[in-house]
Each structure stands twice: as C-alpha cells, then as structure tokens.
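Observations on the three-dimensional arrangement
Below are the chains, spelled out letter by letter.
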Amino acid sequence: MNDRKQHVIDTARQLFIDKGFNATSIQDILHFSGISKGTFYNYFSSKNELLIALFKKIYIKLDHERNELLIAEDPANINIFIKQVEMQLRMNRANKLLFLFEEVLVSNDEELKQFFREGQIRNIQWVYNRFVDLFGESKKPYLLDCAIMFIGILLHNLKFSGMAKKRSIEKIVRYSMDRIVKMVDEVSEAGEQLLPPEVLDQWLPSYPNSSKLFKQELYHTILQLKKDILDNKDQIKYVELLDFILDELLNNKKPRKYLVESALTSLGVNKDTFEKTDFQKLSQLAASFFEQIEEKS
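Structural notes, computed from the coordinates.

**Let's talk about the environment of S288**
Position of S288 relative to the elements: it lies in helix 14 (residues 276–296). Taking the C-alpha atoms as reference, S288 lies 24 Å from K61; in sequence the two are 227 residues apart. Reaching out from S288, the side chain makes a polar contact with the backbone oxygen of L285 at a distance of 3.0 Å.

**Digging into the pattern of salt bridges**
Under the criterion given, the structure shown has 13 salt bridges. A salt bridge links E217 to K281; the shortest N-O distance between them is 3.7 Å. Of this pair, E217 sits in helix 11 (residues 212–228) while K281 sits in helix 14, placing them 64 residues apart in sequence. Exposure remark for E217: the relative accessible area of 28% places this residue in the partly exposed category. Using a relative accessible area of 31% as the deciding quantity, one classes K281 as partly exposed. When the shortest N-O distance is used, the salt bridge between D243 and K226 registers 2.7 Å. Of this pair, D243 sits in helix 12 (residues 235–251) while K226 sits in helix 11, and the two are 17 residues apart along the sequence.

**Some thoughts on helix 9 (residues 169–190)**
Across its 22 residues, helix 9 extends 32 Å between first and last C-alpha, which sits within 8% of the 32 Å expected from 1.5 Å per residue. Taken together, the buried positions of helix 9 are occupied by I169, I172, V173, S176, M177, I180, V184, V187 and S188. Along the axis of helix 9, the buried residues cluster in a sector spanning 120 degrees; they form a single face. Away from the buried face of helix 9 by more than 90 degrees, exposed residues K171, K182, E186 and E189 are located. Elements in contact with the buried residues of helix 9: helix 5 (78–94), helix 7 (110–135) and helix 8 (143–163).

Here is what the cut-offs are and how they apply
- Residues numbered from 1 in each chain as written.
- Predicted model: local features only at pLDDT ≥ 70, side-chain atom pairs only at ≥ 80, totals over all residues.
- Heavy atoms only, no water.
- Helix = DSSP H or I, 4+ residues; strand = E, 2+ residues; numbered from the N terminus.
- Polar contact = N/O pair within 3.5 Å; in protein donor to acceptor, adjacent residues only side chain to side chain.
- Salt bridge = Lys/Arg side-chain N within 4 Å of Asp/Glu carboxyl O.
- Buried < 20%, exposed > 50% of the residue type's maximum accessible area, 1.4 Å probe, protein only.
- Expected span 1.5 Å × (residues − 1).
- Arc of directions from axis to C-beta.
- Contact = heavy atoms within 4.5 Å.

Structure below.
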C-alpha cells in the first residue's frame, strides 16, 4: 500500500472515530486528506470499501500482535491468553470498533453487514482455537460453545462495568475467564454440547489460510524476515511487500497467486537481504497454500 493511500485510510479512521461512519461524507474525507475525488476513486470504489480496507488493516495488526505475544511462550498459559484478549479490547476501544459495528449493523448495507458477520465468526474461531490450546483436545467437542459463552459474558461484563465506572480491563477479562474455566469442566463432565465445532467450517469455508498452524507459521516467518532487515536501507519497501503477502494469504477470499509470486520475486532479487532459510520458508508456505487451493478446486 502506497503512502498516499495509507494517509487516506488513516484520515478516514480519525473521521469515523470523531463523527461516526454514517455522518462522515466522502467530501469530508477528500477535504481532510487533501486528495481529489478522482484519486479517491482510484483507491476505493466507495466509502464502504474504504471502511473495509480500514478494518482489514486493524485485523492484520491485531493478528500480528496477538501472535507476537505467543512467541516463545506456552500456548496453554492462560495468562498469555488473557493478555491477548486485553490487547484486543484496548485496540477495539482506541478505534471505537464497537461503535462502528453498531452503526453498520443497524444500517441496510448488506455488504458491510456480511463483512462484519464474518469478522465476528473469525473472532469466535480464534477464541475456540485458543481454548483448544488451553483446555486440550479431550474437551474440544465443547469448546465452541464455551468460546461463544466467553465472548458473551466478556462483552456484557465490559458494558455494565463501564456503566458502573469500573473499567479495569485486566480484571474484567480475568473474572470472565475464571467463570469459563469452571464452565468448561462442567459441560465436558456432563457431555453436553450445543454446537459442534464442525459448524465453523460451514460458517467460514475451509481454506488453507483458516488453519491455525498455517497462520502461526506464516506470522512467525514474516516476523523473522522483518528482523532480518532491521538495518537495511530498503526496509520500508521490504516490509510493505511482506505485509502484502501476509494480507493476500490470510485476508483475501480469492488470493492472487501471480501477485504473491511477483512480491516474492521482488523480495528475492538481492539474495543476501534475508536469511536463506527464512526466505525459503516463506516461499514454501506460499507454494503449499496455493497447491491446497488448486486441489480443492
């Protein structure tokens, strides 16, 4: 993403926070970002597409930071999970995401509603996968139910604690998680299941990028490659290419193989830029990703 397009997204983000999505016009965005209408439509077909681009950027940052918290840590450590959830809630608050969600959900825009519904399901999927890390494979049949209950309990505790002027995010997350730990034991001992985890595959079609292991390997590899270029004069260019590959493989419903291959070619022009094993790992991940897509088609 070029600097100018990024500037438009950042400007729109601040306007959406200050005024709300519906109250912000394209003319407002043009005025505050200092671009022409033609330039805007060169980047985005509509205000909706701009909002989706903004949320994709936030989701990428969220996934990246959640995975960084896991590096060199035990995935079964409940304190790490609590830190991940705290970080997500602080990011939501900083960007007024819940306010924007509510604006979209009461609108009649089906494109935006569908995008946010998928975002909600992906969040449930993430919590479910982390619950498998925390509670083990033996309790897996009950963990989708528990993930949904955890999100509901957490959101209501946040809402009413805020009304009571008690705003310790860490305390609210830990309190909510303590309740869920007991629920996991209870439902697994009783053998009671409301929703089988397999429904996640119906809600979100199973592509290679939905694999938890694939995501973890990709994030870890991208992070290592970024560390390789900390002192490189072309660091910004390489980071943009790495972020593009990450976004294309994880967030695009129809990932474009030719663009990913082009980005990899650009990264590999100077062979001494990256550690050879790190770059080979990224190339292998991308290749296996597209092989699986071709096998499914």
